[in-house]
Amino acid sequence: MAKARKSRGESMLVRYLVLGGWAAVCLLPILWFLSIGFRPRTEVITPQPIYWPTFSLDAWHLLMSDWPIAQYLRNSVIAVAGSVVIDLVLAIPAAYALARYEFKGREDIGFYILSTRMMAPAIVAVPIFFLFKTLGLLDSVWALMLIYAAINLSLVTWIIRSYMLDIPKELEDAARTDGAGDLTILREIIVPACLPGIITAAVIAAIFAINEFLFTLLIASTSNAYTMSVALANFTGGSDGIIYNAIALVSFIAFVPILILVILIQKHLSRGLTMGAVKG
Amino acid sequence: MASIHLQNIEKRYGGFVGVQNMSLEIADEEFLVLLGPSGCGKTTTMRMIAGLELPTGGKIVIGGEEMTEIDARDRDVAMVFQGYALYPNMSIYENIRFPLRMRGVPASEHDARIRQAADMVELGGFLDRKPGALSGGQRQRAALARAVVRQPQVFLMDEPLSNLDAKLRQSMRVQIKHMQRQLKVTTVYVTHDQIEAMTLADRIVIMNKGAIQQVGTPDQIYSDPANTFVAGFIGSPPMNLIEGTAQNGTFVAPGVTAPCPEYVRGKVTLGVRPEDCHVGGDNVQGMVYGVEPTGDTTYLTVLAGTKKIEVKAAREYRSDIDVPVAIHFDPAHLYFFGEDGQRIRGAA
Ligand SMILES: Nc1ncnc2c1ncn2[C@@H]1O[C@H](COP(=O)(O)OP(=O)(O)OP(=O)(O)O)[C@@H](O)[C@H]1O
Ligand SMILES: [Mg+2]
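What counts, and where the lines are drawn
- Residues numbered from 1 in each chain as written.
- Chains lettered and ligands numbered in written order.
- Predicted model: local features only at pLDDT ≥ 70, side-chain atom pairs only at ≥ 80, totals over all residues.
- Heavy atoms only, no water.
- UniProt positions renumbered as here; feature names shortened; annotations may be inferred.
- Helix = DSSP H or I, 4+ residues; strand = E, 2+ residues; numbered from the N terminus.
- Buried < 20%, exposed > 50% of the residue type's maximum accessible area, 1.4 Å probe, protein only.
- Contact = heavy atoms within 4.5 Å.
- Areas by Shrake-Rupley, 256 points an atom, 1.4 Å probe, with all protein chains shown as cover.
- Donors = N, O, S within 2.8 Å, 3.2 Å for Na, K, Ca; no water.

Chain B is annotated in an unreviewed UniProt entry as ABC transporter ATP-binding protein of Gemmobacter lanyuensis. If you open the UniProt record of chain B and go to Sequence similarities (unreviewed entry), you find "Belongs to the ABC transporter superfamily."

Chain A goes by Maltose/maltodextrin transport system permease protein MalG in an unreviewed UniProt entry, where it is assigned to Gemmobacter lanyuensis. The UniProt entry for chain A carries the following comment under Sequence similarities (unreviewed entry): "Belongs to the binding-protein-dependent transport system permease family. MalFG subfamily." Looking at the Subcellular location (unreviewed entry) heading of the UniProt record, one finds this comment for chain A: "Cell membrane".

Dropping the structure here:
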């Protein structure tokens, strides 16, 4: 007994060592960014490595005074959040229809929707540019919102549908005999039962939208519509050459919302779906 | 408060026939029990009555109105599902309340009715819990409460007590019957449990392989089986079915002879219930195969030829195995079935 416990303790130790090592490797670039972002410009490019840099808020002050970061963040948040809302409003009923209604070509439509995601985005870049130009929506966050929504709609639909397929059909049968109509069933039974799936899909869509680059670059031309992702790429630090510590800091700031989203999704990914709904 | 007429309904799944050519008249206020082996189409029949499954043929009339293609929500039917189907995100209280909300029952009545239904199934203390935090039996009772909280035209109950212990099952059984008599709601009830069927039913429908075998009162089903399936399905232990030949008023099988009516001839099956077999006499010459005392009675298994015959013997009957034993039948309670399994009845 004592021996078994000891070897179990040892194996836990090995596990933590391996996982801890791996986590350190993954986190190192992020810590590296932080370390560069908060040191003075003179300590960024040196022939000798500096192990204990001076702490400095130079880059931070520079950013705050020179760079409309609040505007970019605002654009990102509006475009991303709006696109996720659009996606959910469209995808939830669509997913329900694809999961439950019997109609001809159901599987084909499901696959077709997913297949739009497989296309290389560059193919539609030019048509999209002209489309939004004609609509007078160039350099606008609303255009970005629509584009992000379109890009993610198929994936969101697909994820939600797969969660809905796992909901026992008897639940809907019960609701129907209890007197509920389709919309009530969707709202009161289906959506709550696949809420973890909906949250997962929303977070994934948000992450993709935050990182979207190609179409944002195409549509946005000024800080009217620049989001963090494009602003970041265009950012060199200002008029006095490339300012690496400011770049590092901006990158880190851009990374924080995604980190928060990932932490959110983790909690929901592991949750049981339909616990207690059926027998057994 | 509705009669149900099933007219030649049928349900096919591709080439497979789940329910075939089923016709049944269920009277207003009747308590009808569907009984049959697993997979015989009981649930399918219920789902068609509820409107959750469209029959591939035939007509369904509820309360005088043709309902065959009417959606489930527009039939005034309450169902207890075999798999409970509780709404996982709602508390038990909200689960039971759901049909009241959907059917437009005034909100002021909800609380009292919910508590009444919950008390009936002895779940009063669990109303705040989510279904996930209940045991199987508690979930089943919650499902029952959700069905009986309103007064529909028809109750459909698909094995509503299957997961309860013997004591609770007995008390629920009495409650269900009492409630049904009180509310006077036409009820179709599915069970595997013969005692449940016998005690609850006004009439029992025995099904096998999607087809009705016999419809009758519990007494009729027990004492006047229509075929070997019903005879072998009802009773525990069920009726002995002995294959043999009959001529000139005598039935003969290895180790068995018995009187039979003149009109029974050729290859036939003799049916006799264990309680109509008695130790002694001259109908069976066999060997004792096993003796099972159950407390209030003793079951004796006799090997006659290669056939095992169950006998309900006196409580104190004991015997070693492999000793010769003689059995006689109560001549008034012998049943004869033809080669097709159907009962052979006198000229009528
Ligand atoms: N959707 C379906 N597709 C194909 N076959 C089906 C379907 N639903 C039921 N069946 C078949 O129809 C037959 C009757 O099923 P049903 O559920 O009515 O049985 P049951 O009498 O309720 O059995 P149990 O006592 O086990 O609940 C079964 O053989 C089953 O396999
Ligand atoms: Mg069933």
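A few points about the overall build of chain B
Within chain B one finds 8 helices and 19 strands. Relative to its 348 residues, chain B shows a buried fraction of 52%. Contacts in chain B between residues at least 24 apart in sequence constitute 64% of all its contacts with a sequence separation of at least 6. Approximately 15000 Å² of chain B is accessible, and the part contributed by carbon and sulfur atoms is 49%.

What to know about helix H7 (residues 169–177) of chain A
Most of H7 of chain A is tucked away: 7 of the 9 residues are buried. Buried within H7 of chain A are the following residues: Leu171, Glu172, Asp173, Ala174, Ala175, Arg176 and Thr177 of chain A. Of the surrounding secondary structure, the elements contacted by the buried residues of H7 of chain A are helix H3 (69–100) and helix H8 (182–193) of chain A together with helix H1 (42–50), strand E6 (77–80), helix H2 (92–102) and helix H4 (136–148) of chain B. Just past H7 of chain A, the residue glycine 179 of chain A takes up positive phi, approximately 110°.

Here we look at the coordination of the magnesium ion (ligand 2)
Residues and elements named next belong to chain B. Ligation of the magnesium ion (ligand 2) by protein atoms is provided by Thr43 (OG1) and Gln82 (OE1), these donors lying 1.8 to 2.3 Å from the ion. Of this pair, threonine 43 sits in helix H1 while glutamine 82 sits in the loop between E6 and H2, and the two are 39 residues apart along the sequence. Since its relative accessible area comes to 26%, threonine 43 is described here as partly exposed.

Things to note about the UniProt feature "transmembrane region" (unreviewed entry) in chain A
Residues and elements named next belong to chain A. As recorded in UniProt, the sites labelled "transmembrane region" (unreviewed entry) are residues 12–34, 77–99, 111–135, 141–160, 193–222 and 242–265. Split by type, residues 77–99 is 100% helix and 0% strand. Its first and last C-alpha atoms lie 31 Å apart. Secondary structure content for residues 111–135 is 72% helix and 0% strand, and the end C-alpha separation is 30 Å.

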